[in-house]
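Results of the structural survey
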Amino acid sequence: MTLHERWMQSALKEAVRAFDKNEVPVGAIVVHNNIIIAKGHNQIEMMNDPTAHAEMVALTAAAAHLENKFLKDSILYVTMEPCPMCAGAIVLSRIPTIVFGCYDPKMGACGSVMNITENKKLNHRMHVVGGVLDAECGGIVKEFFEKKRKKVITS
C-alpha cells in the first residue's frame with residue numbers, strides 16, 4: 001500500500017461517517033508534517049448548508065489548527081474530485097498538493113469537467129493526484145445512491 005493509499009483510507013473513514021448520517025459519502029483529511037491535523041465529511045443535510053462539503057470542513061479545521069489561512073506544507077486527501085467551490089477554496093488556501101479518490105464526471109474541477117486547481121490564469125496551482133483508491137471511493141458513493149433510489153422506488 002502506498003503512502004497516498006494509506007492516507008486515503010483515513011479520508012474514506014470520514015466518508016463512511018457521512019454515509020451513516022445520510023449525507024453524500026465524501027470524506028477529507030489534511031496532513032501536515034505527516035500528521036492528520038484536520039478531518040471533514042459532508043454535512044450539507046445536517047447543517048442545511050450548501051457549503052458544508054468535506055473539503056471545506058477540513059480546510060477550515062486545518063486553518064484553525066495551524067492558525068494560518070495558508071496551508072503550506074500540507075496535503076489534502078479527499079475521496080471525490082472537488083467541485084468548483086471546493087477547488088476555489090483549495091486554491092485560496094495555497095495548499096501545494098491535493099490527492100483525490102474517484103473522479104466526478106458531473107462537477108469535477110480538478111480535470112474532469114474543468115481544471116481550477118491547475119489553471120495558469122490563477123495565482124496558485126497545486127500538484128494534483130487523482131484516482132487513488134478510485135474503486136473504494138467511488139463504490140461508497142455508488143452504494144449510497146443505489147440505496148437512495150431503492151428507498152424512492154419502495155416508498
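Throughout, residues of each chain are indexed from 1 in the direction in which the sequence is written. Confidence filtering applies because this is a predicted model: local features only for residues at pLDDT of at least 70, side-chain atom pairs given and counted only at 80 or more, and all residues used for totals across whole chains, interfaces and linings. As a convention, hydrogens and water are excluded, and side-chain values are obtained from all of the structure's heavy atoms.

Brief notes about the pairing of strand S3 (residues 74-80)
Stated precisely, the cut-off is as follows: A 1.4 Å probe rolled over the protein chains alone gives each residue an accessible area, and that area as a share of the maximum for its type sets the label: buried under 20%, exposed over 50%, partly exposed in between. Under the scheme used here, helices are H or I runs from DSSP no shorter than 4 residues and strands are E runs no shorter than 2 residues, and both carry numbers assigned from the N terminus. When DSSP finds two or more bridges between two strands, those strands count as paired. If you view a crossover with the strands going away from you and the path from the first strand over the helix to the second runs clockwise, you call it right-handed.
Counted residue by residue, S3 has 6 buried out of 7 residues, so it is predominantly covered. As paired strands, strand S1 (residues 27-32) and S3 are joined by 5 bridges and run antiparallel to one another. If you follow Val 31 over to S3, its bridge partner there is Ile 75. In this structure, S3 lies alongside strand S4 (residues 97-102), joined through 5 bridges in parallel fashion. Bridge pairing in S4 links Ile 75 to Thr 97. Each parallel crossover has a hand, and for S3 linked through helix H4 (residues 84-93) to S4 it is right-handed.

Points about the nonpolar core
What counts here: Nonpolar cores were defined as sets of buried Ala, Val, Leu, Ile, Met, Phe, Trp, Tyr and Cys residues, with membership established by side-chain atoms within 4.5 Å. In this analysis, two residues are considered to be in contact whenever any of their non-hydrogen atoms come within 4.5 Å of each other.
One finds Met 8, Val 30, Leu 76, Tyr 77, Ile 90 and Ile 98 to be the most contacted residues of the largest nonpolar core, which totals 43 residues. Here this core gets 6 residues from one element, more than from any other, and that element is helix H1 (residues 3-20). In this structure Ile 98 touches Leu 76, Val 78, Pro 82, Ile 90, Cys 110, Met 126, His 127, Val 128 and Val 129, once residues within four positions along its chain are discounted.

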